[in-house]
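So you can see what is in the structure, the chains are spelled out below.
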Amino acid sequence: MQPSSAHPSAQPADALADPRADPLADALAEASRDALTDAALPDPADPPSGAAPDALADAFAGALAPGRRAAYEGSIAELVSEYFSPVPSAQLAAFRDGVEACVRAFAQAEHITSPRTLDELRPELSSSQVPDGPVRLTDYLDFLREQLLPHVVNVGHPRYIGHMTSALPGFLPALAQLLTALNQNNVKVETSKILTLVERQTLAMLHRLVYDQPEGFYQAHIHRRESNLGIVVSCGTLANITALWIARNKALQSSEEFLGLQSEGFINALKHYGYRDAVIIGSELMHYSMDKLGSLIGLGVENILKIPADAHGVIDLAALEQTIATCKEERRLVVALVGIAATTETGVIDDLRALADVAEAHDIHFHVDAAWGGPLLFSDTHAGLLAGIERADTVTICGHKQLYLPQGISMVLCRDPQAIYHIKAMARYQARAESYDLGKHSPEGSRPAMSLYLHAALALLGRRGYAHLIDEGIRKARLFADLVEAHQAFELIEPPQTNIVVYRYIPEELRAKVATGALTREDQYVINCINEVLQDQAFTGGHSFISRTTLGHGRHGGHEPFVVLRAVLANPLTSEDDLRAVLADQVETGDLVLKQRTMSFAQVLSLLYQQTSSFDRQ
């Protein structure tokens, strides 16, 4: 196994070994030792000679070294004044340097995370007492370096390929520092000013990527107070909720005899229009945010109707048409039809053109959840996979997924610049009717100017930069799928359509049965258990990471769900050597799970029961 070029110190190790030493803690300590010391950081809150130290060890349950209590109000006042000064003091500058040193060491660490489990870490963070006196900056840096950073997850590591989180462009940390210092609230002009216009411009860029309207359209609407091309929110779940909130209110809007749902409520709106209840329809592979919004917007989870997917994970159109017909017969309002532009589990894309046809034929709001797949539109090679998305009424895109932005920015785009007014709300002190205030249409009452991250990335990467990232991710997914398919220890579930690969480890005793299609139900159960244990142990080992999910479609679907390993290939730092190393780590782990070949079948199941889903239980 060759170490990643980005992590030259990486060495293969027994994935089931459980060393208690934390190499990352050692690296962090070495990196920051010279950056910040007690001598370099005088403490303005030191009490007079003879004062007793505060019981910070109890307050932080051992996570912080004991600090000292400020003995009188004067020292506290000086401390607060220093912390809030626009010009950083020497000790704050040293603290910043110490944190930056920790970040550099963390980024270069060999391990993805420490081997310690949450059960083992809980005692160190079990106190609920707030320290009475201030903690010294040196003590808190020690907490970050020794107690926190070794046990977070290095999602930018080139062998971390299990979730939709990746390495970030190097210009973003500096922008994050700027945004923190500015502390703007983008829901009102009086706390954001030009950043309101930056957000509107950024939304127009994404709107153009999806809908590609003529230049005159954007000149007319980009900064028109009465128009909104979209809304920035904090996550894809909230973007989906906002889109379907718009759809619900639009479907039950005001008329000459009715003030509308916003004024008279959901039940009265249904009665006015003659409906028994309301539903949202989409594939069984819709994101779980749809269940959340069913409760939040008053439909109920049972009224999120999930249509079966075919063997490839695409919505069954015949079943969809039948469901819509049944809803009409039963006087159930179809609020929206949801198409998926890359499912979370497998990356498969619905036939968006066919869904757009269905939505138009039945006059249903068409929403596309493109949280993951939306940025494929940057790629000339792969944009065709999203054909039909331009006909959606609303589209969700997550910035912190394949737009490579920090956690906390997503958006919903609206084809009609007036659609957003279906959820308009105002206040006397902000979000005024005549203002540019973005809070008039935002579900959040306060939010940072995260759109600056996207504005910067669109400028500094450009269309071609994003196209390269998308193309490379899909190329690596196909390469990884080829490596899986060529390896006797694995079974590729289906070729990747985008950049998510699902597969599973097969123990040696069952490989011949897999090849001949002779697996029994008991065999499938054993394979499921082994893959759960393998995935848990790989995370504990810290050398590589893949996620897992349970599928109900595909070659092993039928009526029996089966567990698969799930690789997400989006990290630009991941090399072919890293992909081979991940598979080698999994083979080693899988073989060790069943290394005692003299065990009986019952003993194997007992062992698997004990080891399965340890992180799920936490």
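Structural data are supplied above this passage.
The numbers attached to residues start from 1 for each chain and follow its sequence in the written order. Selection of residues for local features in this predicted model requires a pLDDT of at least 70, selection of side-chain atom pairs for listing and counting requires 80 or more, and totals for whole chains, interfaces and linings are taken over all residues. Hydrogens and water molecules were not included; the side-chain quantities draw on all heavy atoms of the structure.

S.K.: Teacher, can you tell me more about helix H13 (residues 289-296) here?
M.R.: Residues lying three or four places apart along an α-helix face the same way, a consequence of the helix completing one turn every 3.6 residues. Taken together, the buried positions of H13 are occupied by Ser289, Met290, Leu293 and Gly294. Projected onto a plane normal to the axis of H13, the buried residues spread over an arc of 150 degrees and lie on a single side. Of the exposed residues in H13, the ones pointing more than 90 degrees away from its buried face are Ser295 and Leu296. In this analysis, two residues are considered to be in contact whenever any of their non-hydrogen atoms come within 4.5 Å of each other. Helix numbering and strand numbering both begin at the N terminus, where a helix is a DSSP run of H or I of at least 4 residues and a strand a DSSP run of E of at least 2. On its buried side, H13 packs onto helix H10 (236-251), strand S2 (277-283), strand S3 (304-307), strand S4 (332-340) and strand S5 (365-369). One or two positions beyond H13, positive phi appears at glycine 298, with a value near 90 degrees. Relative accessibility decides the category of a residue: with a 1.4 Å probe and only protein chains considered, values under 20% of the type maximum give buried, values over 50% give exposed, and everything between is partly exposed. Throughout, the arc means the angular range of directions from the helix axis out to the C-beta atoms.

S.K.: What is the right way to look at unusual backbone geometry in this model?
M.R.: Excluding glycine, residues mostly carry a negative phi; peptide bonds, for their part, are mostly trans. Look at alanine 342: it is not a glycine, yet its phi comes out positive at around 95 degrees. Along the chain, alanine 342 falls in the loop between S4 and helix H15 (352-361). Taking relative accessible area as the criterion, alanine 342 reaches 5% and is therefore assigned buried. Positive phi is not limited to glycine here, since aspartate 363 has a value of about 55 degrees.

S.K.: How do you make sense of the packing of helix H8 (residues 194-211) against helix H16 (residues 451-486) when you look at a structure like this?
M.R.: When two helices pack together, their arrangement is given by the angle between the helix axes and the distance between those axes. Angles run from 0 to 180 degrees between N-to-C directions of axes, and those axes are lines fitted to C-alpha atoms, restricted for helices to the stretch in contact. Taken N-terminus to C-terminus, the directions of H8 and H16 make an angle of 50 degrees; their axes are 9 Å apart at the nearest point. In terms of their interaxial angle, H8 and H16 are classed as oblique. When the axes of H8 and H16 are compared, the crossing they make is left-handed. Between H8 and H16, the contacting residues are Leu195, Val198, Glu199, Gln201, Thr202, Met205, Leu206 and Leu209 on the first element and Ser451, Leu452, Leu454, His455, Leu458 and Arg463 on the second. As a working rule, the residues Ala, Val, Leu, Ile, Met, Phe, Trp, Tyr, Cys and Pro are called nonpolar, Asp, Glu, Lys and Arg charged, and the rest polar, with Gly in that last group. Residues that form the contact of H8 with H16 fall into these classes: 8 nonpolar, 4 polar and 2 charged. Any angle that falls under 35 degrees is termed roughly parallel, while one over 145 is termed roughly antiparallel, one within 65 to 115 roughly perpendicular, and all others oblique. Note on convention: the crossing is left-handed when the near helix lies turned anticlockwise from the far helix by less than a right angle, right-handed when the turn is clockwise.

S.K.: Just checking my understanding: could you explain the nonpolar core for this structure?
M.R.: Side chains of a nonpolar character, in soluble globular proteins, are inclined to be buried together. We call a set of buried residues a nonpolar core when its members are Ala, Val, Leu, Ile, Met, Phe, Trp, Tyr or Cys and they connect through side-chain atoms within 4.5 Å of each other. Counting 69 residues, the largest nonpolar core has Ile281 and Tyr466 as the members making the most contacts within it. Tallying contributions element by element places H16 first for this core, with 10 residues. The contact partners of isoleucine 281, leaving out residues within four places of it in the chain, are Leu305, Ile307, Leu320, Thr323, Ile324, Cys327, Val334, Ala336, Leu337 and Val338.

S.K.: When you look at the sheet that holds strand S8 (residues 490-492) in this model, what are you seeing that I'm missing?
M.R.: What holds strands together in a sheet is hydrogen bonding between their backbones, with the strands either parallel or antiparallel. For two strands to be treated as a pair, DSSP must find at least two bridges joining them. With antiparallel pairing, the 4 strands of this open sheet are ordered in space as S8-S9-S11-S10. In this open sheet, the two strands that pair with only one neighbour each are S8 and strand S10 (547-551). Looking at each pair of strands side by side, their axes are set apart by 40 degrees on average, direction ignored. Here S8 runs beside strand S9 (residues 500-505); their pairing, made up of 3 bridges, is antiparallel. Its bridge partner lying in S9, glutamate 491 is registered against arginine 504. Against the sheet, H16 engages S8, S9 and strand S11 (562-568), with an angle of about 15 degrees to S9. Sheet contacts for helix H19 (residues 576-593): S8, S9 and S11; angle to S9, the most-contacted strand, approximately 30 degrees.

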